[in-house]
Structure formats: C-alpha cells, structure tokens
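Structural overview for review
Take a look at the letters that make up each chain.
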Amino acid sequence: MNEKYIPLYRKYRPQTLEEIVGQSHIKKALTNAIEMDRISHAYLFTGPRGTGKTSTARIFAKSLNCKEGPTIHPCGKCENCIDITNSVPMDVIEIDAASNRKVEDAQNILEKVMYAPVNSRYKIYIIDEVHMLSTTAFNALLKTLEEPPKNVIFILATTDPQKVLDTIKSRCQRFDFKRITTDDIVKHLRYISDTEKINITDDALYTIAKNSAGGMRDSIALLDQLSILDGEEAISTDDINNLLGRLSFDTLHTLACDITSSNPQNAIENLEKIYNSGNEPTQILLNLMDYFKNLLIVKNCRAEIVFELTQLNEAQVKELQVQSKELETHQITALIDKIANYVKDVKSTNNPRLWLEVGIIDLANLTENTTLADLQNRLARLEGGMPAPMQATAAYKTPPTPVYGGAKIKEMTEQKPSAPKVSTQQEPTTTSAGQKTSGQTPTPAPQRHQEEDFAPMPKAKSVASDDISVLWGQLLENISSPPARALLKQWANPVKITPEETILSMKNEIFLTQIQSGSKKAAVEAAVDALFSQQNSTVVVRLPLPEDVQIKAAPPRQLSQSKPKPMPKAPKPEPQEEITQEEIQEAKNDTKTVQPPKQKHHAGGHSDMVNMVMDLFDGKIID
C-alpha cells in the first residue's frame, strides 16, 4: 500500500521566503529585518484567505530559530526546522483564536510567556484569526504586547483587521498581504501540474485561477480535485464547469441572446434545458450575471485589457463584441441589477424554480422597458419633475380679456392706481363681483382704441421690461379671480414668463392641484393672454425644481406699460387691500382652522373670506 496521501496544498506549502508566490514587498521587508537583525516583538499579518499569512509566519519563525540562523535560508534539516515543518515545535506555539477566544485562554498564554525558550533562540506565538478574540482577551494581551519578555515574539494573523483593537495594532508592525495575481497563480499551478504530471490545458488553469479570487490555497485545492479526472484527454474548461456546476460560455451566450432580443419564449425553453441538466437556480443566475459583467467589460474597456479582465479566449470575446453593439451600457447594468435582486429572492424562497422562471421572463422583457423608462424619466424632468408627463395646457381655452377694457374693469374693482385712461368717456363703476352699480349700459371705448387693441401684429405685443419680477407683478394684476390671485401670490414662483411659454412652480402639492383645475388654470391663461395681447398662451404649472430661482413680484409702481406715459401719484391703498392679505393667509393655512378677524358680511350672511374659500376649493355651504 502506498504511503498516506498528502493534499497538494500541504505538499507544496512554501518552506522559504523565496518560495512564497507574490507578496514581494513583504518578502523584501522580512529579509531585510533578518539580515539587519532588527527583529520586532510583534507583527500583524492581514489579508484575504489563502494569500500566505500563516505560511509566512512559519517561515519567519523557522528563519529565526534555525540552528544556522537567523538566516533567510533555513537549512530545513535541524531539529527546529523539522519540528516547524511538521507543526510540532516546542517553542513555536500556534493558537487558533476562533476556538481560544476567552480571557482565560489569554491568561493561560501570559502565564507561559514568562518561561524561556526550551531549545530555540526565540519563543514565538502565532495567533491565527486574532480578530476573533474577545475584548477582554485583547485587553489581557495588551500589556504583554507592549513590553513582552526578552526573546518572545508575537505574530498575529487576521482576515479582518478592522475588528482588531487599535491599541493592539499600534504595537505591531503591520504587513498587508494582497490577492495573488492571476498570472502568478497560473505559473505556480503549471509548475505543480508538470511536477505531478497532471494533463490540463492552459485555459483550464486560467479558469481555476479566476475562480480562486486571488487565493493560492483555493487554486491548488481545486487543481488537486481535478487531478482525479486526468485521462487520455487534457482537462478542459468544460470539465471545470461541470465539476463546479458552472454553465458553459455557449450555453450562457444562447440564453443571453434570448434575453437581449426580448424573446421570452426561447429564453424559457433554454432555461428548461439548463435546469433539467441538474444546475441549481442560484448558480444559473450567478453565471448569467458573470456573463453580463463580461459583456459590460467588453463594451467599455480597451481590447488590450479585456482578455485579462474576462479570462475569455479570442473567439468568445468577438462574440461579446458583436452582442455589445446592440445594447447600451445602462441596459446591461439594469440587467445585472435585476439578476442580483432575483438571486436574493431565489436564496430566500421555498420555491427557487418559480422565481428563476419569473426572473428570466422579466429579464427577457427588460431591455426595451429600460429604454422606455429612461425616456419617461427625461420627459418627466422636462415637464417639471412629476412622476408622469403633465399636460402642458388646459383642456380648453378661455377667450382673452382685452387689455384696455379688462384692465380698466379690474383696476376699478380693486380701486388701485392705473395707467392714464385712453378715453375721456365715463365708464360705469363695478363691484368685485363684476356687477354694474349704476344699472346703465357701459359706453364702449372709441373705435380707434378697439382697433389699436386687436390690430394684427407680426408678434405678440411685448412688455416694456424684461425683468421677470416686473412681468410677474403685472401678471398677478391681470388675474381677475381674487382667490386665484391670492393663492399664486403666496405659493407660486415664476420660472419663465415669455410670449411663447409661461412656467410657474407651486410650493405646495395641494395648491398645485387646485391651480390646475379648469377655472383657475383658465384664469391664469387669460391673464397671460392679456399680458402679451395674444390668444391660446401656453402655461405650465408644476412643482419646484432645485435649479429654480425665487422671484418676488415687483411693486405696482414699478410696472410699465407698452407706451410709457406720465403716471399720476399712486393714492393710498383702500381697505380692499386688507381683504387681499387675509385671503393670502387663508390660502397659506391649507388644513388649519384660522379664526378670521371681523369682516364685512354680504346679504347671504357669509364673509368675504368664506366666499373666497368656497371659490378656491369649489365648495358649498351646508346649513
């Protein structure tokens, strides 16, 4: 019978610093420390698993305790070297912190630290996975690490240095082990394969190195597992995929083409074949996600580094290049994101096949939807940041109010200063409701003024000032509805006021809904029509955006007419102005109940404020 079989990862464990694969910066530092005899009392080795932390610690201990040492070339024949190689040394104590994490274990170490080495130069403690120690155990070791006895060295190894106390790390020389490069792993695997006479292709070795995530131990263990498949034909990538339960590139390419072409029928049929071949749902999705990751790399990276990043052959990369031309980057990332979510669902459900099939069908319908969603988002941002595109104009238009006649009626209604009259003929006085107090039919203005008001022009009549605050103030003056004017004055902000388009933003979503109703929106459009002497003006009312600039309406005295004329001195505001402020306060407090001050009452027994609220919210009084 042959002697007991030794796994390859143990058989080919490095025995000197030169044999360590990669980690050149650490090998150089430790070599210089030995040659210069500058040995620290505590070291901290950190890095991913399988990168050589424990092996380096043993080699360093062997170099220090060799009979020929300290030396960077331990003999490997003396008693100390043989004991360390066989893991039975007297003065090199290896401790697994995962199973010895209590404070009693740390105290046991401290009791033995005081004893001198038996037959070696140094007593060395190698504590693996030191981050597993409890806080009390760390504190017990703290003082000893700070001032250890002579000839005592601590080597701490961990894969999670963040969990090690800062007071411990500050007392150690730290060495960070990096992931071993793919090329270094492939070279070492080729050396082992040739030595052990394992017939395996270079592509298969690259696949092994890629699946090891930079860990040499995992790579050698996988090679050891594949060595039992050695036969007349060389071990290929397909053999590795079958052993690991991975899908071949051709299988993934066929399924991915069905997804990117939005063909759920073919996708679900191919999925059925893959699943019936014995592949697990989670593994199918992970392999598919890795395929789209390679597709993303091929689309966005230079050809020189694609082979290194994807570890694919030339024919496979060409197929990905052809497929990548049919997709946009955001579509590929959306597919990867979707697959990642379905991986979580499959892992957490009792029916993984159900979610696998749902996921593939969803992915096969996602490519076109992703583009549509992107267009919808852009349109929503252009329309004002709403979840769905808003209707830019009202469903119907109100005839524009003449500039002179309508303006005069409103000016007399609000009893505010106005521009000089264009006609000397007396006109009737009206109330805020638009009713004539004299009972007589108003005399129309002279014909020459009417022709001037509605004479055709090549472009809409422009306002004298380009200042948006002036235009905003004049637009508010043109709104005939007092509730709508008060609401806009308090909660609206002008973003753009031009003859081509007027954009207003409402600070409150409730008031946005109110101002978008038919009557109030029509009042705003009529005011814009009157402002620019045109019809069918485009008015957009939306929620605020971060880039909007807050604008305040200019005082009435700063507003100018299209034909500047001497303005009479503005009289003092009448009591009607107080009612307007109260209307604003009522619109601001949407859901609050405010105790109104004393106001005038009409024949119906209701105050002006009550009538304004009824108009604002389209309400009615219920006795």
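Now for a description of the structure that goes with this document. What you are looking at is a predicted structure, and each value in this text was computed from that prediction instead of being measured.

What counts and how
- Residues numbered from 1 in each chain as written.
- Predicted model: local features only at pLDDT ≥ 70, side-chain atom pairs only at ≥ 80, totals over all residues.
- Heavy atoms only, no water.
- Helix = DSSP H or I, 4+ residues; strand = E, 2+ residues; numbered from the N terminus.
- Buried < 20%, exposed > 50% of the residue type's maximum accessible area, 1.4 Å probe, protein only.
- Contact = heavy atoms within 4.5 Å.
- Salt bridge = Lys/Arg side-chain N within 4 Å of Asp/Glu carboxyl O.
- Disulfide = S-S within 2.5 Å.
- Patch = residues over 30% accessible without salt bridge, like charges linked within 9 Å, V, L, I, M, F, W, Y side chains within 5 Å.
- Areas by Shrake-Rupley, 256 points an atom, 1.4 Å probe, with all protein chains shown as cover.
- Pairing = 2+ DSSP bridges.
- Axes fitted to C-alpha atoms, helices over the stretch in contact; angles between N-to-C directions.
- Core = buried A, V, L, I, M, F, W, Y, C linked by side-chain atoms within 4.5 Å.
- Phe/Tyr/Trp six-rings, centres within 6.5 Å; stacked < 30°, edge-to-face > 60°.

Digging into the overall build of the chain
Broken down by element type, the chain carries 27 helices and eight strands. The 623 residues of the chain split such that 40% are buried. Of the contacts made within the chain by residues no fewer than 6 positions apart, 73% connect residues no fewer than 24 positions apart.

A look at the pattern of salt bridges
Should the charged atoms of two oppositely charged side chains come close, the side chains can pair. A full pass over the atoms with the stated rule returns 16 salt bridges. With a closest N to O distance of 2.7 Å, R58 and E94 form a salt bridge. With R58 in helix α3 (residues 53-65) and E94 in strand β2 (residues 92-96), this pair connects stretches of sequence that are 36 residues apart. One connected set of salt bridges, linked through shared partners, spans R190, D194 and D202.

Some details on unusual backbone geometry
Backbone geometry at S533 places phi at a positive 55°, although glycine is not the residue there. Mapping S533 onto the fold places it in the loop between α25 (518-532) and β8 (539-542). The backbone phi angle of N536 is positive, close to 55°, even though this residue is not glycine. As for its placement among the helices and strands, N536 is situated in the loop between α25 and β8.

Side note on the state of the cysteines
All told, the structure shown has zero disulfides when counted by the stated rule. Residue C66 stays outside any disulfide, its sulfur separated by 3.5 Å from that of C75, the closest cysteine. On the accessibility criterion, C66 (0% relative accessible area) is buried.

A few points about a nonpolar patch on the surface
Taken together, the side chains of I228, L229, L243 and L244 present a nonpolar region at the surface, about 360 Å² in accessible area. With respect to the element layout, I228 can be found in the loop between α10 (216-226) and α11 (237-244).

Structural notes on the sheet that holds β8
With respect to topology, three strands assemble into an open sheet ordered β6-β7-β8, the strand pairing being mixed. Of all the strands in the sheet, just β6 (492-497) and β8 have a single pairing partner and so form its edges. On average, each strand axis in the sheet is inclined to that of its neighbour by 20°, with strand direction left out of account. Two strands pair when backbone bridges link them, and strand β7 (residues 502-506) and β8 are joined in this way by four bridges, in the parallel orientation. The residue of β8 that forms the bridge with I503 is V540. Sheet strands touched by helix α22 (residues 468-478): β6 and β7. Its angle to β6, the strand with the most contacts, is close to 115°.

Points about the nonpolar core
Grouped burial of nonpolar side chains is what soluble globular proteins tend to show. Of all hydrophobic cores here, the largest spans 33 residues; its most connected members are I259, L285, L288, F292, I360 and L363. The set of elements that each furnish at least two residues to this core consists of α12 (249-260), α13 (264-276), α14 (281-300), α16 (314-324), α17 (329-348) and α18 (352-364). For L288, the residues in contact, after removing those within four places along its chain, are L252, L255, A256, I259, I339, I360 and L363. Counting 24 residues, the second-largest nonpolar core is a separate cluster that includes L475, L476, I479 and V528.

Re the sheet that holds strand β3 (residues 123-128)
Strand order in the open sheet formed by five strands is β2-β3-β4-β1-β5, and the pairing between neighbours is parallel. Strands with a single pairing partner mark the edges of an open sheet, and in this sheet they are β2 and β5 (173-176). Each adjacent strand pair in this sheet contributes to an overall mean axis angle of 15°, direction not counted. Of the pairings in the sheet, the one linking strand β1 (residues 42-46) to β5 comprises four bridges and is parallel in character. Each bridged residue has a counterpart across the sheet, and for L44 the counterpart in β5 is R174.

Some points on the packing of aromatic side chains
Scanning all chains against the criterion turns up nine aromatic pairs. Ring geometry for Y12 versus Y191: centroids 6.3 Å apart, planes at 85°, classification edge-to-face. On the criterion of sequence distance, the pair formed by Y12 in the loop between α1 (8-11) and α2 (24-35) and Y191 in helix α8 (residues 182-196) is long-range, its members being 179 residues apart. When its relative accessible area of 15% is taken as the criterion, Y12 is described as buried.

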